[in-house]
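What the coordinates show
Residue strings, one per chain:
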Amino acid sequence: METSTLETKEITAKSILVPSKLPGCDFVINCYTGCRFGCSYCYASFMGRFVDKKISDWGNYVYAKINAPDLLKKDLIKLKNKGKGKTILLSSVTDPFQGAEAKYHLSAKCLEILADYGFEGEVSILTKSPLVLNVLPILKRLKNVDVGLTITSTDDKISRYFEKFAPNVSQRLETLKKLNEEGIKTYAFFGPLLPHFVANKEEIKKVLDAIHQTGTRQLFVEHINLSKYIKDRMLEELKDIDKSFLEQFYSSQSKDYRSELNKLILDLLKEYDFELLHEIIFHKEMMS
Ligand code: SF4
């Protein structure tokens, strides 16, 4: 497995409960700047500009916002009706349960604060990490919570290739299963759709099958976002990639490709009786 040095640092943030324009989400909480999982397709690599890092540094630094819990306590006082009708996503530009969380427990503390406060809205967690299971007792105290695990394949070799320091996909599927057994509401985030799927209905079926077996029935699906800064970093990260595979990445940006893939997926979702939580996501506004 590839290794690289990780720079960690404690910082103080100015805000933590940040208003968001993401679909179905009113606020985001990101307790870390940077993400050790370093996925090659990650759109959040632009966050480096706030901490003087280059796009290509993504995955090699994690800064812990150690005042996040204190800031959250203050922010919650300002919320009307204890947040009724509002949704908070944890997290949008980092993984809330990456390795640093085992040391700092910032995501766990923020969730605890939301539970203690009696937050009336919805808390939505998105992660690739089984560390989320450490906060099961807190999840059970929240009034309305759902936990999503990102599933991009069923093959651990593929997840290691595209998501170099993230937990293997088999661990994520296991985590979904465990959460379902514990009675926590879950969803899978099937995205980004890796381009080789379009020609391969069987590969998509394998992923849906694996998610279905965990007991999860709700899904988000997202097309790959190849904005220029993402594409540049991805090409650097995947230097040894087969050139024909690269052609498929480029063709993934055509409307025809997306239509074909959408149809394939929507038909399969019906077959499996999955609920799609939002129309298949495509960030065309970010295209270059
Ligand atoms: S886990 Fe999420 S935030 Fe972290 S690098 Fe991967 S895609 Fe980006």
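Preceding block: the structure.
This section reports on the structure supplied with the text. (Residues numbered from 1 in each chain as written. Predicted model: local features only at pLDDT ≥ 70, side-chain atom pairs only at ≥ 80, totals over all residues. Heavy atoms only, no water.)

Notes on the sheet that holds strand β5 (residues 61-65)
For the record, the criterion: Paired strands, as defined in this entry, are two strands with at least two bridges between them according to DSSP. Secondary structure elements are defined from DSSP: runs of H or I of at least 4 residues count as helices, runs of E of at least 2 residues count as strands, and each element is numbered from the N terminus.
Here three strands make up an open sheet; going across it, the order is β1-β5-β4 and the pairing mixed. Strand pairing shows two members of the sheet lacking a second neighbour, β1 (7-11) and β4 (32-33), which therefore form its edges. Here β4 pairs with β5 via two bridges, running antiparallel. Residue Y32 lies in a different strand from β5, and its bridge partner there is A64.

As for the packing of helix α6 (residues 169-181) against helix α7 (residues 201-214)
Counted only if it meets this: Lines are fitted to the C-alpha atoms to define the axes, a helix being fitted only along its stretch in contact, and any angle between axes, read from their N-to-C directions, falls within 0 to 180 degrees. Roughly parallel refers to an angle under 35 degrees, roughly antiparallel to one over 145, roughly perpendicular to one between 65 and 115, and oblique to any angle outside these ranges. Every residue pair with non-hydrogen atoms within 4.5 Å of one another is taken to be in contact. Lys, Arg, Asp and Glu make up the charged group, whereas Ala, Val, Leu, Ile, Met, Phe, Trp, Tyr, Cys and Pro make up the nonpolar group; the residues left over, Gly among them, are polar.
Where α6 meets α7, the axes come as close as 8 Å, and the angle between the chain directions of the two elements is 30°. Judged on the interaxial angle alone, α7 and α6 are roughly parallel. Listed contacts from α7 to L173, L176, K177 and N180 of α6 are A210, I211 and T214. Class assignment of the residues belonging to the contact of α6 with α7 gives a composition of four nonpolar, two polar and one charged.

What about the packing of helix α1 (residues 68-78) against helix α3 (residues 106-117)?
Heads up, the condition is: In this scheme the crossing of two helices becomes right-handed for a clockwise turn of the near helix relative to the far one and left-handed for an anticlockwise turn of less than a right angle.
The N-to-C vectors of α1 and α3 enclose an angle of 25°; their axes lie 9 Å apart at closest approach. Here α1 lies roughly parallel to α3, going by the angle between them. Every pair of crossing elements has a handedness; the one defined by α1 and α3 is right-handed. Touching A68, P69, L72, K73 and L76 of α1 are L106, K109, C110, I113, L114 and Y117, all from α3.

Topic: the pattern of salt bridges
Where charged atoms from two side chains of opposite charge come close, those side chains can pair. Here is the rule we go by: A pair is scored as a salt bridge if a Lys or Arg side-chain nitrogen falls within 4 Å of a carboxyl oxygen belonging to Asp or Glu. Here the term buried applies to any residue with accessible area under 20% of the maximum for its type, exposed to any over 50%, and partly exposed to those in between, with areas from a 1.4 Å probe on protein chains only.
Tallied over the full model, the rule gives 14 salt bridges. A salt bridge links E181 to K177; the nearest nitrogen and oxygen atoms lie 3.5 Å apart. Here K177 and E181 lie together in helix α6, a separation of four residues that amounts to about one turn. Owing to a relative accessible area of 55%, E181 belongs among the exposed residues under this scheme. A relative accessible area of 33% means that K177 is categorised as partly exposed. Between K206 and E203 there is a salt bridge, with its nearest N and O atoms 3.0 Å apart. Highlighted residues: K206 and E203, both in helix α7, separated by three residues, approximately one helical turn. For K206, a relative accessible area of 43% puts it in the partly exposed group. Among the residues examined, E203 registers a relative accessible area of 19% and is labelled buried.

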